[in-house]
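Take a look at the letters that make up each chain.
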Amino acid sequence: MTVLGGLGVARFLADHWQREPALIRQAVPGFAGPLSPEELAGLACEDGVESRLVLAEGGTVPFEVRDGPFREADFEALPETGWTLLVQSVDRWVPAVADLLDRFNFLPGWRLDDIMISYAPAGGGVGPHYDQYDVFLLQARGARRWRLGQRCTVDSPLRDHPSLRLLAAFDETEDHVLQPGDMLYLPPGIAHDGVALAPGLTYSIGFRAPSASEILTGLADTVAAGLTEDDRYRDARMADPGDAGEISASTVQVLRALVQDRMADPRVVATWFGSHMTEPREPETARPPETCLDLDDLRGALAVAGSELRRNEGSRLAFFEDGPGVVLFADGVPIDCDAATAAAARELCRRRRIPGATVTDWLARPAIATLLLRLVNDGTVYVTDPDSDPA
Ligand code: SIN
Ligand code: CO
């Protein structure tokens, strides 16, 4: 089940992803979402949850930003209209929100950033802006008008604002009103401005793309950490330099070969990238069990009817193929999995929830049991107890 409706995955990937906006009516028919506005406000009052209020006609500046966590009194003091509450990473805190991500399996899971949820009464919005990330804006309750505009870059003129990157100009190209269940996909760089017409919630499912600078510095740091002082520029048997002041083309060639040899090995690149992209966004959401579990504990937990193995909502998993096995990345750590464990590792990456019966079968194989125990004790996955856990 995806969220693409009649558009379909192949057409979405060919024509829209990273290229063109897409409007999908009733992507999730009648979507109301698992959270009420009051529950969202409750989350924004908790320590460790990142939240903001944006007041369209703020007391100090238009689109004044206030950072959470908030107190109930902060909400009571707000005007009737014209503000937005934004709560980041709600998928990390609410399992039922994380379940929505299964519908986005037509995209690589490691591209996912988070699900932000905003609540706005009529007139609420965060102002005209663009984002660096791909985003799916799914309306839950209420109605919201989205104006889309020009393609922007780092050179696009911005308004003078203390904290928001608001666009100075907006050349409107499209205008859509989203009702509950409707969804708008925006590639990076498209100017947009969403204003609530009736009180409602918007789920922003954001997909990150690491910057080239982040990739190069991260990979270079990791590679460099594995080198010694003996690894150096070498120019044995060089040609007569002719002009002692020159940095010759052959010197540049030696440098390029040095970079290429150390940085372009596919396994080195994949290992760094997998580790980097699965680092948890909020490490504090990790929840290893209070006492270390053994195989019998795990079997016992899975024997409860209706139990399942669930990915910790704050955890990230990915893999890459490596001979007959795979390298599994779990919350920033690479784990070599041989052919006997590769299928289970792939399945753990593909699905956030795995039925208890499947996992019980896996445990009969010692290599998989070792992997699962490690993941459970690291807090990457956990077994749900249907008697105490409504998720
Ligand atoms: C919002 O949900 O209010 C803002 C989402 C966005 O424009 O990126
Ligand atoms: Co935006």
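The following paragraphs examine the structure supplied in this document. Just so it is clear, the model here is predicted, and its values are computed rather than measured.

### Some words on the packing of aromatic side chains
Right, so step 1: Evaluation of the coordinates by the stated rule reveals 18 aromatic pairs.
Right, so step 2: The interplanar angle of 50° and the centroid separation of 6.3 Å between the aromatic rings of Phe12 and Trp17 together place this pair among those described as tilted.
Right, so step 3: With relative accessibility at 0%, the residue Phe12 sits in the buried group.
Right, so step 4: Relative to Phe136, the ring of Phe12 lies with its centre 5.8 Å away and its plane at 35°, an arrangement referred to as tilted. Here Phe136 lies in strand S6 (residues 134-140) and Phe12 lies in helix H1 (residues 9-16), a separation of 124 residues in the sequence.
Right, so step 5: Taken together, Phe12, Trp17, Phe104, Phe106, Phe136, Tyr185 and Phe207 form an aromatic cluster joined through their ring pairs.
Right, so step 6: Over the aromatic face of Phe170 sits the side chain of Arg147, whose NZ or CZ is 4.3 Å from the ring centroid.
Right, so step 7: In this arrangement the basic side chain of Arg287 is found over the ring face of Tyr382, its NZ or CZ atom lying 4.3 Å from the centre.

### Here's the deal with the environment of Asp102
Right, so step 1: Mapped onto the elements of the fold, Asp102 is located in the loop between helix H5 (95-98) and strand S5 (112-120).
Right, so step 2: Ignoring sequence-local partners within four residues, the contact set of Asp102 consists of Met1 and Arg352.

### Here's the deal with the environment of Ala14
Right, so step 1: Its location among the elements puts Ala14 in helix H1.
Right, so step 2: Take Ala14: its relative accessible area is 46%, and that puts it in the partly exposed class.
Right, so step 3: Once the C-alpha coordinates of Ala14 and Asn377 are considered, the two residues, 363 residues apart in sequence, prove to be 41 Å apart.

### A few points about the site of ligand 1
Right, so step 1: Surveying the vicinity of ligand 1 reveals the residues Thr84, Leu86, Met116, Ser118, Val126, His129, Asp131, Leu137, Arg144, Trp146, His192 and Ser204.
Right, so step 2: About the coverage of ligand 1: the protein hides 94% of its 260 Å² of free accessible area.
Right, so step 3: Those elements that place two or more of their residues in the shell around ligand 1 are strand S4 (83-87), S5 and strand S7 (143-151).
Right, so step 4: Tallied by class, the residues present in the shell around ligand 1 amount to five nonpolar, five polar and two charged.

### Thoughts on a nonpolar patch on the surface
Right, so step 1: Together, Tyr233, Val254 and Leu255 make up a nonpolar patch on the protein surface, roughly 230 Å² of accessible area in all.
Right, so step 2: Position of Val254 among the secondary structure elements: in helix H7 (residues 249-263).
Right, so step 3: On the basis of relative accessible area, Val254 is assigned to the partly exposed category, the value being 31%.

### Some words on the coordination of the cobalt ion (ligand 2)
Right, so step 1: Listed as protein donors to the cobalt ion (ligand 2) are His129 (NE2), Asp131 (OD) and His192 (NE2); their distances from the metal cover 2.1 Å.
Right, so step 2: Sequence spacing of the donor residues for the cobalt ion (ligand 2), all on one chain, is H-x1-D-x60-H. Remark: His192 occurs in strand S10 (residues 190-198) and Asp131 occurs in the loop between S5 and S6; sequence separation between them is 61 residues.
Right, so step 3: By relative accessible area, which is 3% here, His192 ends up buried.

### Looking at the sheet that holds strand S14 (residues 325-330)
Right, so step 1: With respect to topology, three strands assemble into an open sheet ordered S13-S14-S15, the strand pairing being antiparallel. Bordering the open sheet on either side are strand S13 (317-322) and strand S15 (333-337), each of which pairs with just one other strand. Across the sheet, the axes of successive neighbouring strands diverge by a mean angle of 25°, strand direction being ignored.
Right, so step 2: Pairing between S14 and S15: five bridges, direction antiparallel. Counterpart to Ala330 in the pairing with S15 is Val333.
Right, so step 3: Each of S14 and S15 is contacted by helix H12 (residues 366-378), which is oriented at about 165° to S15, the strand it contacts most.

Rules used in this analysis
- Residues numbered from 1 in each chain as written.
- Chains lettered and ligands numbered in written order.
- Predicted model: local features only at pLDDT ≥ 70, side-chain atom pairs only at ≥ 80, totals over all residues.
- Heavy atoms only, no water.
- Phe/Tyr/Trp six-rings, centres within 6.5 Å; stacked < 30°, edge-to-face > 60°.
- Buried < 20%, exposed > 50% of the residue type's maximum accessible area, 1.4 Å probe, protein only.
- Helix = DSSP H or I, 4+ residues; strand = E, 2+ residues; numbered from the N terminus.
- Lys NZ or Arg CZ within 6 Å of the ring centre and 35° of its normal.
- Contact = heavy atoms within 4.5 Å.
- Near = heavy atom within 4 Å.
- Areas by Shrake-Rupley, 256 points an atom, 1.4 Å probe, with all protein chains shown as cover.
- Nonpolar A, V, L, I, M, F, W, Y, C, P; charged D, E, K, R; others polar.
- Patch = residues over 30% accessible without salt bridge, like charges linked within 9 Å, V, L, I, M, F, W, Y side chains within 5 Å.
- Salt bridge = Lys/Arg side-chain N within 4 Å of Asp/Glu carboxyl O.
- Donors = N, O, S within 2.8 Å, 3.2 Å for Na, K, Ca; no water.
- Pairing = 2+ DSSP bridges.
- Axes fitted to C-alpha atoms, helices over the stretch in contact; angles between N-to-C directions.

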